[in-house]
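# Summary of structural features
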Amino acid sequence: MPVVSSAAEPPFERFSSSGQEGAPAWKDLEEQVQEFARCYRGQVAQLSPPELGKALQVLSQLTQALAAQLAEGREGIPATSVQIPSWRDLERAISLQSHLLFFSLELQPLLAGSPDDSAAELPPEDGRLDLLAAAHVEPRLRPFRQFLCGLLHQRGHRQAEPLERLLHQQRLAGRLAWRQLWQVTLSSLGDQGLLPPQQQSANTLAHLQNLQTHPSAEVRWAAYQRLCHHLEAHAELGGFILSILVRDHLWEAQWRGYDSAADLYLARHGLGQAFWEHLLDGIHDRFDLFQRYYRLKSRAIGRSIRLCDLYAPWGEPVPPLAAAEATSLVWAALQEFCPECAAHAKPWLLEVSSEREAPPGEPERPWPGSEPLASLLQALEALSRRLRPEGPRVWLDLEELQGSVQPSWEIRVHTAFLQQVLLDYLLGAARGTPAPSPLRNRASGLEVFTLAQALLIHHLEAQLQAVFYQSLIARLELLLYRLENTAPLASSKASPTSWVGEEWLKLIQELCGDAVELLPEDQFCWVGMPELFLRPFSAPQVSLASLVALACHRQYHLSPRTFLPRYLNWLASPPGSLTWGESAQLLQVDLSEPEEVLQGLEELEHWIEVLEELLEENQD
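Residues numbered from 1 in each chain as written. Predicted model: local features only at pLDDT ≥ 70, side-chain atom pairs only at ≥ 80, totals over all residues. Heavy atoms only, no water.

### Digging into the state of the cysteines
Condition: Two cysteine sulfurs form what is called a disulfide whenever their separation falls within 2.5 Å. Per-residue accessibility, obtained with a 1.4 Å probe over protein chains only, is compared with the maximum for each type, and a residue is labelled buried under 20%, exposed over 50%, and partly exposed between these values.
Enumeration according to the criterion identifies zero disulfides in this entry. Free of any disulfide, Cys525 has its nearest cysteine sulfur in Cys228, 4.5 Å distant. Residue class for Cys525 comes out buried when judged on its relative accessible area of 15%.

Given below as structure tokens:
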């Protein structure tokens with residue numbers, strides 16, 4: 001187990017004798033961190049809002065450089081395509097960050113309205129500004145308002161700097177070490193002859209997961225068995241690591257003064273466990289939607305649906321779209337939805353299309369991905385990031401240090417919302433209006449109908465997975481982190497593996513009902529969930545993003561004249577300037593009212609009804 005360095009250790013002394021090749025890049029970064037500390041240590045309280053904005057911009061640039069350095073040093077695990085940072089680089093990154101902790105610790109007491117600070121009650125002559133109010137008007141500070149709000153809610157992260165640095169670096173000897181071990185072990189999949197010899201290199205964990213979308217039911221079943229047998233072989237190790245992680249997270253939550261481990265992780269977004277539990281109860285009440293969809297799929301493909309068939313392809317095959325067709329189609333849909341947005345996006349879409357245009361006589365370069373809808377889906381996600389870029393990254397969380405960077409909440413919401421906008425456009429064309437001009441030169445009305453149906457199926461399965469399956473993971477986490485339930489994990493007489501497996505089977509059975517057939521191997525699925533090991537309490541955030549996207553689309557149809565100006569205001573706001581709640585409120589969804597978020601389930605039901613109608617029309 002690595003030795004944790006003392007917080008009083010001279011800065012970067014541990015790096016001086018590393019002798020690793022490529023050290024100059026790290027050394028430059030170390031010198032920049034030292035320079036930042038020399039400039040701002042002990043000075044944060046004296047900074048004006050513009051000066052603070054400038055300092056945060058420098059800190060963000062250091063964070064981006066740190067992320068780039070970690071990405072450059074990633075290593076592939078044998079027999080997989082998984083890329084993770086090397087252990088030495090992780091050690092360096094965490095030590096570097098520990099020398100930047102002072103900035104947040106000095107900044108937190110300045111945030112007026114803090115739950116355990118009296119700064120808001122001080123008279124104006126004290127000179128301590130309401131930074132959140134200042135961030136509304138100061139251009140340099142505004143992109144960091146989301147970060148400042150997150151600090152406001154992290155009430156427990158305010159210990160003395162030496163202690164905070166020690167705890168930060170102790171991740172090397174605790175959670176990070178266990179997670180790293182688990183990630184490497186789980187990803188090391190041996191060749192056991194599922195595929196012919198010439199394809200053995202594809203017999204990896206990622207490939208087995210991708211085979212869940214294979215057209216052959218036999219291939220899906222074989223891949224699922226192989227995957228679950230691998231998980232079963234590592235289940236005891238997984239149970240042990242999970243029990244350690246649970247106790248570690250519970251200890252930190254109690255020590256920092258949070259009511260639960262969920263509150264510890266959700267505090268940065270200003271949302272507590274009570275909200276999540278209300279949301280999960282509302283999702284639980286509509287499990288019938290999940291079952292309704294898979295009964296529909298079962299009837300359509302003429303066989304029962306097993307868990308290994310959840311993402312089996314069905315419906316009419318869709319001819320792949322060229323990149324130019326995909327970008328033109330997205331722009332046409334956006335123009336019908338919001339001409340102002342389309343005008344903003346058109347130059348960029350044309351640029352992307354021209355970049356992928358091949359010379360005369362050569363085939364057009366495809367988008368990455370082999371699925372027929374790949375070009376359309378990737379154009380939508382890229383458009384989402386273009387219209388509403390992500391805010392600056394001021395700090396790398398433990399999950400991001402390990403290379404487990406997920407799309408931001410806003411990107412998830414916006415991409416799912418734009419998918420529905422495109423669906424509106426295609427469904428209008430499929431139901432009698434002329435074919436969209438991007439497809440007019442190659443497609444009959446039947447092809448437009450097929451494309452609309454395929455995109456709707458993809459959208460539904462993605463939202464069902466995000467809302468319902470992810471909610472099960474969240475419920476399992478709540479069970480794991482309830483103090484009275486830690487005994488089965490900690491007791492030497494009880495097996496963590498069997499206890500967690502039994503609880504997971506109960507949850508998945510309740511969701512599936514009689515619509516999806518469970519398999520004996522399903523009890524080991526939890527072993528391969530990165531949410532439990534690498535991204536604790538991230539599953540409910542995925543559910544929330546999908547529900548907000550669905551609820552936004554519902555608000556758009558209920559009152560487009562009210563929704564569109566608010567949507568444009570949201571796009572125009574500087575990235576990073578709005579909290580989750582403020583972004584959702586601009587889009588007419590109030591995160592303080594779970595019932596408003598749960599309206600997204602009504603929109604999900606609407607899309608299932610639309611699919612049922614399309615299937616009937618297809619039969620006619």
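### Re the confidence of the model for the protein
Test applied: What pLDDT conveys is the predictor's confidence in a given residue, as a value from 0 to 100. A run of H or I in DSSP counts as a helix once it spans at least four residues, and a run of E counts as a strand once it spans at least two, with each numbered from the N terminus. Pairs of residues are marked as contacts when any of their non-hydrogen atoms sit within 4.5 Å.
In the predicted model, the protein carries a mean pLDDT of 80, and 79% of its residues have values of at least 70. Per-element mean pLDDT across the protein ranges from 52 in helix H20 (residues 437-440) up to 96 in helix H14 (residues 287-301). Low confidence marks residues 191-195, where pLDDT is under 50. Its contacts with residues over four positions away, or in another chain, come to 17 contacts. Across residues 360-370, where pLDDT falls below 50, the model places 25 contacts with residues more than four positions away in sequence or in other chains.

### With respect to the pattern of salt bridges
The test is simple: Should a side-chain nitrogen of Lys or Arg be within 4 Å of a carboxyl oxygen of Asp or Glu, the pair is scored as a salt bridge.
Taken as a whole and judged by the stated rule, the model has 23 salt bridges. A salt bridge links Asp288 to Arg286, with the shortest nitrogen-to-oxygen separation between them at 2.9 Å. Residue Lys297 pairs with Glu461 through a salt bridge whose shortest N-O separation is 2.9 Å. Residue Lys297 is found in helix H14, and its partner Glu461 is found in helix H21 (residues 445-480); the two are separated by 164 residues along the sequence. With relative accessibility at 0%, the residue Lys297 sits in the buried group. For Glu461, a relative accessible area of 9% puts it in the buried group. Salt bridges here are not isolated pairs; linked through shared partners, they connect Arg286, Asp288, Arg292, Glu605 and Glu612.

### Description of the side chain of Asp309
The condition that has to hold: Polar contact criterion, stated in full: a pair of N or O atoms within 3.5 Å, where within protein one must be able to donate a hydrogen and the other to accept it, and residues adjacent in sequence count only if both atoms are side-chain atoms.
Structurally, Asp309 is set in the loop between strand S3 (305-306) and helix H15 (323-337). Within the structure, Asp309 has its side chain in polar contact with the side chain of Arg220 (distance 2.9 Å). Not counting chain neighbours up to four residues away, the residues in contact with Asp309 comprise Arg220, Lys297, Arg303 and Ser304.

### Some points on a nonpolar patch on the surface
Rule in force here: A residue counts toward a patch only above 30% relative accessible area and without a salt bridge, and it is joined to like-charged neighbours within 9 Å or, for Val, Leu, Ile, Met, Phe, Trp and Tyr, to nonpolar neighbours within 5 Å. Here, Shrake-Rupley sampling with a 1.4 Å probe gives the accessible areas, and only protein chains in the shown set may cover a residue.
Together, Leu163, Leu166, Trp251 and Trp255 make up a nonpolar patch on the protein surface, roughly 350 Å² of accessible area in all. Among the secondary structure elements, those contributing two or more residues to the nonpolar patch are helix H7 (161-169) and helix H11 (235-256). Note that Leu166 resides in helix H7.

### Some details on the packing of aromatic side chains
To describe a pair of aromatic rings, you give the distance between the ring centres and the angle between the ring planes. Defined as follows: Centres within 6.5 Å are what make two rings of Phe, Tyr or Trp a pair, Trp counting through its six-membered ring; a difference in plane orientation under 30 degrees is then read as stacked, over 60 as edge-to-face, and the rest as tilted.
Overall, the coordinates contain 24 aromatic pairs when judged by the stated rule. With a centroid separation of 5.0 Å and 15 degrees between ring planes, the pair formed by Trp409 and Trp580 is classed as stacked. Residue Trp409 is found in helix H19 (residues 409-430), and its partner Trp580 is found in helix H27 (residues 580-586); the two are separated by 171 residues along the sequence. Residue Trp409 shares its accessibility class with Trp580, and that shared class is buried. With 6.2 Å between their ring centres and 40 degrees between their planes, Tyr567 and Trp570 make a pair best called tilted. Taken together, the residues span about one helical turn, with Tyr567 and Trp570 both in helix H26 (residues 560-572) at a distance of three residues. Across the pair, Trp570 and Tyr567 agree in class, each one buried.

### Points about unusual backbone geometry
Phi at Phe537 is positive, roughly 60 degrees, even though this residue is not glycine. Among the secondary structure elements, Phe537 is positioned in the loop between helix H24 (530-533) and helix H25 (539-558). Owing to a relative accessible area of 3%, Phe537 belongs among the buried residues under this scheme. Despite not being glycine, Gln588 shows a phi value in the positive range, around 70 degrees.

### Things to note about the packing of helix H8 (residues 175-187) against H11
This is how it is decided: Simply put, an axis is a line fit to the C-alpha atoms, just over the touching stretch for a helix, and the angle between two N-to-C directions goes from 0 to 180 degrees. For classification purposes, angles smaller than 35 degrees are called roughly parallel, those larger than 145 roughly antiparallel, those between 65 and 115 roughly perpendicular, and all remaining angles oblique. By definition, turning the near helix anticlockwise from the far helix through less than a right angle yields a left-handed crossing, and turning it clockwise yields a right-handed one.
Across the interface, H8 lies against H11 with an axial gap of 10 Å and an inter-helix angle of 155 degrees. In terms of their interaxial angle, H8 and H11 are classed as roughly antiparallel. Considering the relative orientation of H8 and H11, their crossing is left-handed. Side by side, H8 and H11 meet where Arg175, Trp178, Arg179, Leu181, Trp182 and Thr185 of the first sit next to Leu237, Gly238, Ile241, Ile244, Leu245, Asp248, His249 and Glu252 of the second.

### Topic: helix H6 (residues 145-153)
Of all nine residues in H6, seven are buried, a share of seventy percent or more. Buried residues of H6: Arg145, Phe147, Leu148, Cys149, Gly150, Leu151 and Leu152, and no others.

### Digging into the packing of helix H2 (residues 49-72) against helix H3 (residues 87-98)
What counts, and what does not: Gly is put with the polar residues, along with every residue not named as nonpolar or charged; the nonpolar set is Ala, Val, Leu, Ile, Met, Phe, Trp, Tyr, Cys and Pro, and the charged set is Asp, Glu, Lys and Arg.
Where H2 contacts H3, the two axes come as close as 10 Å, and the packing angle between them is 170 degrees. Viewed along their axes, H2 and H3 adopt a mutual orientation that is roughly antiparallel. Residues Leu66, Gln69 and Leu70 of H2 form the contact with H3, whose own contacting residues are Asp89, Leu90, Ala93, Leu96 and Gln97. Within the contact of H2 with H3, the residues separate by chemical class into five nonpolar, two polar and one charged.

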